[in-house]
Amino acid sequence: AGIVLDGDIFRGCQGFAGELGRLILPCGKQLEEAARPTALPAEYSASSGKKVDFEEFMQLYLAGDTAAVELVQNNARQRAYAAQVAANIFDPNAVVLGGDVLEFGDLHFNTFKEALINDLDARRFGHAPNVLRSHFGRRGVAVGGAQLILDELVF
């Protein structure tokens, strides 16, 4: 994850601010382990007994395979949990979902958005944050890394 405060990337004291990957989810796994898209084929394979790679999993998902769809929705809920933790700390105006999960389309995005907004205490915030899709897609990490370097060189 990345944190932008007043238009600047917030790095923290050691440069790791926004690292949500180590967050322990209610299922007992780290976010990095449980919610990354490449974990989905492994989970599908374990539950179905049929070995699939990511491309095969995507084909099953896009064809409406019930188990694949359920795994994608669970992935969205796990990511929303992590975003809720961050939102409770930072009270953001927006939460931006990016990376390869955007390939899962509207179902994943809408499940993420619904889970995030429904589980936040809107009374405390007065409003729910906007939930947006990154226009950088899979390139978001690379763009963020490049921006960190540019900030050091230019500013």
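Basis of the calculations
- Residues numbered from 1 in each chain as written.
- Predicted model: local features only at pLDDT ≥ 70, side-chain atom pairs only at ≥ 80, totals over all residues.
- Heavy atoms only, no water.
- pLDDT = per-residue confidence, 0-100.
- Helix = DSSP H or I, 4+ residues; strand = E, 2+ residues; numbered from the N terminus.
- Salt bridge = Lys/Arg side-chain N within 4 Å of Asp/Glu carboxyl O.
- Expected span 1.5 Å × (residues − 1).
- Buried < 20%, exposed > 50% of the residue type's maximum accessible area, 1.4 Å probe, protein only.
- Arc of directions from axis to C-beta.
- Contact = heavy atoms within 4.5 Å.
- Axes fitted to C-alpha atoms, helices over the stretch in contact; angles between N-to-C directions.
- Parallel < 35°, antiparallel > 145°, perpendicular 65-115°, else oblique.
- Left-handed = near helix turned anticlockwise from the far one by under 90°.
- Nonpolar A, V, L, I, M, F, W, Y, C, P; charged D, E, K, R; others polar.

A word on the confidence of the model for the chain. Residues shown with low pLDDT carry predicted positions that ought not to be read at fine detail. In this model, the chain carries an average pLDDT of 83, and 88% of its residues clear a pLDDT of 70 or more. Helix α6 (residues 122-125) is the least confidently modelled element of the chain, averaging 56 in pLDDT, while helix α3 (residues 54-62) averages 95, the highest of any element.

It is worth spelling out the pattern of salt bridges at this point. Here the structure, examined in full by the defined rule, presents 1 salt bridge. In this structure, arginine 133 engages aspartate 106 in a salt bridge whose closest nitrogen and oxygen atoms are separated by 2.5 Å. Taken together, the residues arginine 133 in strand β4 (residues 130-133) and aspartate 106 in helix α5 (residues 105-119) connect sequence positions 27 residues apart.

Here we take up α5. Between the first and last C-alpha of α5 there are 22 Å, a value that for 15 residues agrees with the 21 Å anticipated at 1.5 Å per step. Every buried residue of α5 is accounted for by His108, Phe109, Thr111, Phe112, Ala115 and Leu116. Burial along α5 is one-sided: seen end-on, the buried residues are contained in an arc of 165 degrees. Exposed residues lying more than 90 degrees from the buried face of α5 are Glu114 and Asn118. Those residues of α5 that are buried lie in contact with α3, α4 (66-90), β3 (94-97) and β4.

The N-to-C vectors of α4 and α5 enclose an angle of 40 degrees; their axes lie 8 Å apart at closest approach. Judged on the interaxial angle alone, α5 and α4 are oblique. α4 and α5 meet at a crossing whose hand is right-handed. In this structure, α4 uses Val69, Val72, Gln73, Asn75, Ala76, Arg77, Arg79, Ala80, Ala83 and Gln84 to contact α5, whose residues at the interface are Leu107, His108, Thr111, Phe112, Ala115, Leu116 and Asp119. Here the residues of the contact of α4 with α5 are counted per class, giving 9 nonpolar, 5 polar and 3 charged.

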